[in-house]
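# A look at the structure
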Amino acid sequence: MLSRVANSIYWMCRYIERAENVARFISVNLNLLLDMPSEKGKHWEPLVLTTGDQELFEKKYQNYTKEAVIEFLAFDRSYPNSIISSLAGARENGRSIREIISSEMWEHLNNFYLELTDVKSQTMALEDPHRFFKIIQMRSHLFTGLLDSTMSHGEAWNFARIGMMLERADKTSRILDVKYFMLLPHPDLVNSPIDNIQWTSVLKSASAFEMYRKEHHRITPHKVASFLIFDSQFPRSIRHCISKADICLHRIAGSPEGSASNLAEKKLGRLKADLEYTDIDEVVKSGMHEYLDDLQSRINQIDEVIGTTFFNLRPLIDVSTNDQQQSTTTNN
Amino acid sequence: METFRTYDPEDYYDELIDDTGKPRPGVQLLVDKIESLPEGDLAMRQREAEALLLKMGITFNVYGRDEGTEKIFPFDIIPRIVSGSDWQQIENGLKQRIFALNEFLQDIYNGKKILKDKIIPEDLILSSRTYRKECEGFTPPRGIWCHVTGTDLVRGRNGEFYVLEDNLRCPSGVSYVLENRQVLKRTFPQVFEASHVRPVDDYPTKLLDMLEYLAPDHVQSPTIGVLTPGIYNSAYFEHSFLSQQMGIELVEGRDLVVSDGFVHMLTTKGLKRVDVLYRRIDDDFIDPDVFRPDSMLGVKGLIEVYKAGRIAMANAPGTGIADDKVIYAFVPEIIKYYTGEDPILASVPTYICGNDKDRSYVLEHLDELVVKAANESGGYGMLVGPHSTRAEQAEFAKKIVAEPRNYMAQPTISLSRVPTIVGDRIEGRHVDLRPYVLYGEEIYVQPGGLTRVALTKGSLVVNSSQGGGSKDTWVL
């Protein structure tokens, strides 16, 4: 398939996944606030911290109020990682490859974006935020479902899945990174109700709470981190995402899993193996933040190598690729 | 809701209602259906149709506004109905016309017999901005130049059809014909079924057949692409729609590269050869080596490969000379010259400003005439005399005197009208008709075409870029 098209479908899915993750962060935060009314007012700042874009926020907004944070994360077009910017990016990419994706996918994506740009959306986001951010998540899920059930699982689909999986792995690592950083400085809180609620919220950010409970029952920071990084079956764990991305990547080149026919497969395969043969004790020993930071930069490298392997046969001319890479989250 | 009972065709030819206020043959069913709708139902169906178009993303981009500004092409749900006998004349006339124009193109770039026989003044051709010296001595694959044409027709007060202009370069709009039909099938299913409307959905198949027909002989299953300027082009939706319907690649200039004497696409698995391009980029931008060197849209070296016969292109570069608005005046002679027949479809009388006598007539009658620049499209560079101010006329007079070759003028034709929904009323609005013609192994005319409607009361300008809309066209 055309390199440009592969690039667009990859980014379309990354952007959708990104929009969904922002909605997740906000959703979970809203729930948290209901449980801890005394914390009101303190809890919007960490949300922006999770994104790594405090500087951008503070340039434009005075205080970390609910209104300002929701405006920034959901509707601010000048913020490249807001829900609306992500969706605009997804739609723009989708529009350039309408002939490749199914019309169901396109119509859903188009509608998703158009309704979000409606003024009514802003009102709803402030007046009934629980419902609003749930809708965003469900629409993203619907898109993923349409991707799986209306589009042939060929090369284009494999690129779509890689984009989605890499973005998801990156976001799960960020949730964990920030929460770990925020929660650890208070050892006296360990096993207190607040701590439990907080770690529950971490799990909920990744829709992982129920699946975690079935696996581990008791909530401990160690096990939560282990579940989100290393669980082999949970669909939002980093290991699971990387492993799925690896399968799709091998399908594209037609090379057997476990071998590597290009640089992208080498880099991704190596990360996959590391995730299979590392455990949480090693991570804690070497430092959680350092580990996650390294993981994110390896995901970024994989993204770059996929670009040079498949998308940028003529890198000087391919302006759009550069644009899109600039707007990926840059954290730490 | 004002219904057809009180509808007044006034002093115009109305496509649906005759002088006595009765529906024309074949229209009765539709009128009955609309009359029987409960209060407000028609307006509701209209809104639903518009919402559907927006949801489906059937939009066009507006030039000169922010990048990415998209609008739906306004769509009116009352169809325009064309009788079988009217259509027969149009179809025959278009086949004759396109055949002759293709002969003309071949001749003008190879031998120029028509100039030597002094049917057309030589300097008129050689001075045209759309004449491509680069194409001299070249014969495109299968001898076809104009593979896809959209010819604009209008109907005057007397009910006769006239050709207003031919569009042989990159005519657009056919995707709206197909999509409007989808929407209208949902809007008036019963009437539609009972009226025996001729289908239009065959078009993508016919287009694909034609493109395959152009492929070099030795190529077993050709790789075909639609070449688009990209998502900011006003017709991008159409480019993407057609390539999707045909299941072929949609490529931009940056996806293509010339290497080893062939044109290739850049794919995730390396280079892949392309055999046929349906190009939707103007000549000027198609190859920076040959035409405009600053073009970012085209493909460097494409023309060389094309001339070597290693890639086919529809439409052929150079076709623009046949739809120059000044050459238009000579089409009746062109038809006679190459076919020996009289034109089946009439042309509008035309004054050529490059001609001294015509020019002085035009300058004296600017308030009555429509003046057009030879190579503009989309309703730009145009003066509609009866609707213009003195100042506008004076300004146009200056332009004409400065550059007479570039202007032609025609009497204002009182365009026919079709009942159209305006708020909660039905009013007559002026329309034209653009049927689409494909020239491959044989010549195919899509039954129907795009009816464009001037939504502003009294306006004669139907272009989408100037606030026009469209209607479904039913050929019975």
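Structural data are supplied above this passage.
Here's what I pulled together on the structure shown here. Values in this document were obtained by computation on a predicted structure and should not be read as measured data. (Residues numbered from 1 in each chain as written. Chains lettered and ligands numbered in written order. Predicted model: local features only at pLDDT ≥ 70, side-chain atom pairs only at ≥ 80, totals over all residues. Heavy atoms only, no water.)

Moving on: the packing of aromatic side chains. With the rule as written, the count across this model stands at 27 aromatic pairs over all chains. Between the aromatic rings of Y109(B) and Y131(B), the centroid separation amounts to 5.2 Å while the plane-to-plane angle is 15 degrees, which identifies the pairing as stacked. Taken together, the residues Y109(B) in helix 3 (residues 84-109) and Y131(B) in the loop between helix 5 (122-126) and strand 4 (148-155) connect sequence positions 22 residues apart. You can call Y131(B) buried: its relative accessible area is 9%. Ring plane angle 50 degrees and centroid distance 4.8 Å describe the contact between F138(B) and Y306(B), whose orientation is recorded as tilted. Residue F138(B) is found in the loop between helix 5 and strand 4, and its partner Y306(B) is found in helix 11 (residues 302-307); the two are separated by 168 residues along the sequence. An aromatic cluster of three or more residues is present, and its members are Y10(A), W11(A), Y15(A), F159(A), F310(A) and F311(A). The ring centre of F209(A) lies 5.3 Å from the NZ or CZ of K204(A), which sits over that ring. Between R24(B) and the ring centre of Y13(B), over which it is positioned, the NZ or CZ distance is 4.2 Å. (Phe/Tyr/Trp six-rings, centres within 6.5 Å; stacked < 30°, edge-to-face > 60°. Helix = DSSP H or I, 4+ residues; strand = E, 2+ residues; numbered from the N terminus. Buried < 20%, exposed > 50% of the residue type's maximum accessible area, 1.4 Å probe, protein only. Lys NZ or Arg CZ within 6 Å of the ring centre and 35° of its normal.)

With that settled, the discussion passes to the packing of helix 11 (residues 209-216) of chain A against helix 12 (residues 221-230) of chain A. Residues and elements named next belong to chain A. The geometry of helix 11 relative to helix 12 is characterised by a closest axis approach of 11 Å and an angle of 115 degrees between their N-to-C directions. As judged from the angle between their axes, helix 11 and helix 12 are roughly perpendicular. Handedness of the helix 11/helix 12 crossing: right-handed. Where helix 11 abuts helix 12, its residues M211, Y212, E215 and H216 lie against K223, V224 and F227. The residue makeup of the contact of helix 11 with helix 12, split by class, is 4 nonpolar, 1 polar and 2 charged. (Axes fitted to C-alpha atoms, helices over the stretch in contact; angles between N-to-C directions. Parallel < 35°, antiparallel > 145°, perpendicular 65-115°, else oblique. Left-handed = near helix turned anticlockwise from the far one by under 90°. Contact = heavy atoms within 4.5 Å. Nonpolar A, V, L, I, M, F, W, Y, C, P; charged D, E, K, R; others polar.)

Next up on the list: unusual backbone geometry. Of the consecutive residues A314(B) and N315(B), the connecting peptide bond is found in the cis state with omega at -15 degrees. Counting through the fold element by element, N315(B) comes out in the loop between strand 12 (312-314) and helix 12 (331-339). In this structure, S207(A) takes a positive phi of about 50 degrees despite not being glycine. Tracing the sequence through the fold places S207(A) in the loop between helix 10 (193-205) and helix 11.

Now for the interface of chain B and chain A. Taken together, the contact between chain B and chain A spans 28 residues of the former and 28 residues of the latter. Of the roughly 2400 Å² buried at the junction of chain B and chain A (both faces included), carbon and sulfur atoms supply 46%. Taken as a group, K55(B), R254(B) and T268(B) account for 27% of the area that chain B buries against chain A, more than any other trio of residues on that side. The interface formed by chain B and chain A contains 3 salt bridges. Viewed at the interface, chain A and chain B are joined by 14 residue pairs in polar contact (both at pLDDT 80 or more). At the level of elements, helix 2 (41-55), helix 9 (236-246), strand 7 (249-252), strand 8 (256-259) and strand 9 (262-267) of chain B are the ones that each hand at least two residues to the side of chain B that touches chain A. The element best represented in the side of chain B that touches chain A is helix 9 of chain B, accounting for 5 residues. Split into classes, the residues belonging to the side of chain B that touches chain A amount to 12 nonpolar, 9 polar and 7 charged. (Buried area = accessible area lost by both parts, 1.4 Å probe. Salt bridge = Lys/Arg side-chain N within 4 Å of Asp/Glu carboxyl O. Polar contact = N/O pair within 3.5 Å; in protein donor to acceptor, adjacent residues only side chain to side chain.)

Purely geometric stuff here, so don't read any function into it on its own.
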